[in-house]
Amino acid sequence: MAISLTKGQKVDLTKGKPSIKHLLVGLGWDVNAFDGADFDLDASAFMVGANGKCPTEQEFIFYGNLKHSSGAVESMGDNRTGSGDGDDEQIMVDLSKVPANIEKIAFTCTIYEAEKRGQNFGQVSNAFIRIVDQDTEEELIRYDLGEDFSIETAIVVGELYRHGGEWKFNAIGSGFQGGLAALCGHYGIEVA
């Protein structure tokens, strides 16, 4: 049975289950029916060091850079509509391959061309992140973002982080204005 988290809650992932290695991080959402234009939400992962920044732009995993060179983090691609039930986008994480200089993997969601299309997360509902042990197919954690992000175009949904040799998950649910560029700036990635 999955642990259901609320904003700000932290939970141990590997303390009671040291065998966990392969995680599926699923993100999903629904777009409110009356909002007409198509929404294209994108899940990304930022692999950050002790300073809270990505060591290089290669640690930013998104639709333009699907897999980290270590094989530790891989995006399964871009779902451009978000239609249907279940996960809309998935990111695979192999904890055994995460480089030693990476202390945290932040999972984010942005709206593609949000400003141009006049869209924000206030028009998105039922957003969630879930973490599944790929080897057993057991859903370990689920965090439903109940908050109303009326002006935000980017969200840090949650993060995996190392603490005392264990991996933990933190339900963040923090919104940003400025879309993907704002997130990249926050994590030390320069955007052209």
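Further up the page is the structure itself.
Values in this document were obtained by computation on a predicted structure and should not be read as measured data.

On a plain count of helices and strands, the chain comes out with two helices and twelve strands. Reading the secondary structure of the chain in the N-to-C direction produces β-β-β-β-β-β-β-β-α-β-β-β-β-α. In terms of overall dimensions, the chain is globule-like: its C-alpha atoms have a radius of gyration of 16 Å, near the 16 Å expected for 192 residues. Taking all 192 residues of the chain together, the buried fraction comes to 51%. Approximately 9100 Å² of the chain is accessible, and the part contributed by carbon and sulfur atoms is 48%.

Our focus in this paragraph is the packing of aromatic side chains. The tally for this structure, following the rule as stated, stands at five aromatic pairs. With a centroid separation of 4.2 Å and an interplanar angle of 0 degrees, the aromatic rings of F60 and F62 are classed as stacked. Residues F60 and F62 agree in their burial class; the two are buried. Between F62 and Y63, the aromatic rings sit 5.2 Å apart at their centres with planes inclined by 65 degrees, giving edge-to-face as the arrangement.

Most of strand 7 (residues 89-94) sits inside the fold, with five of its six residues counted as buried. Examined bridge by bridge, strand 3 (residues 22-31) and strand 7 share six bridges and lie antiparallel to one another. Residue G26 lies in a different strand from strand 7, and its bridge partner there is Q90. Pairing between strand 6 (residues 73-75) and strand 7: three bridges, direction antiparallel. Across the sheet, residue E74 finds its bridge partner in strand 7, namely M92.

The subject of this paragraph is the pattern of salt bridges. The final tally for this structure, using the stated rule, is nine salt bridges. Taking the shortest distance from any N to any O, the salt bridge between R117 and E113 comes out at 3.6 Å. Take R117: its relative accessible area is 31%, and that puts it in the partly exposed class. Residue E113 is classed as partly exposed on the basis of its relative accessible area of 30%. Taken together, the shared-partner salt bridges connect D87, R130 and E139 into one network.

A few words now on unusual backbone geometry. In this model, E113 sits at a positive phi of 50 degrees, which is unusual for a non-glycine residue. Mapped onto the elements of the fold, E113 is located in the loop between strand 8 (104-111) and helix 1 (114-117). Even without being a glycine, E137 presents a positive backbone phi close to 60 degrees. Look at E137 and you get exposed, because its relative accessible area is 70%.

Quick notes on the rules
Each chain carries its own residue numbering, running from 1 in the direction its sequence is written. The model is predicted, so local features are restricted to residues of pLDDT at least 70 and side-chain atom pairs to those at 80 or more, both for listing and for counting; the totals for chains, interfaces and linings are taken over all residues. Derived side-chain values reflect all non-hydrogen atoms in the structure, with water molecules and hydrogen atoms excluded from consideration. The secondary structure listing takes helices from DSSP runs of H or I that are at least 4 residues long and strands from runs of E that are at least 2 residues long, numbered from the N terminus. For the radius of gyration, the atom set is restricted to C-alpha positions; the globular benchmark scales as 2.2 Å times the number of residues to the power 0.38. Only protein chains enter the accessibility calculation, which uses a 1.4 Å probe; a residue is then buried when its area is under 20% of its type maximum, exposed when over 50%, and partly exposed in between. Here the Shrake-Rupley method, with its probe set to 1.4 Å, supplies the accessible areas, and only the displayed protein chains count as covering residues. Aromatic rings from Phe, Tyr and Trp, with only the six-membered ring used for Trp, were paired whenever their centres fell within 6.5 Å, and each pair was classed as stacked if the ring planes differed by under 30 degrees, edge-to-face if by over 60, and tilted otherwise. Note on pairing: DSSP must find at least two bridges between two strands before they are called paired. Definition used for salt bridges: Asp or Glu carboxyl oxygen within 4 Å of a side-chain nitrogen of Lys or Arg.

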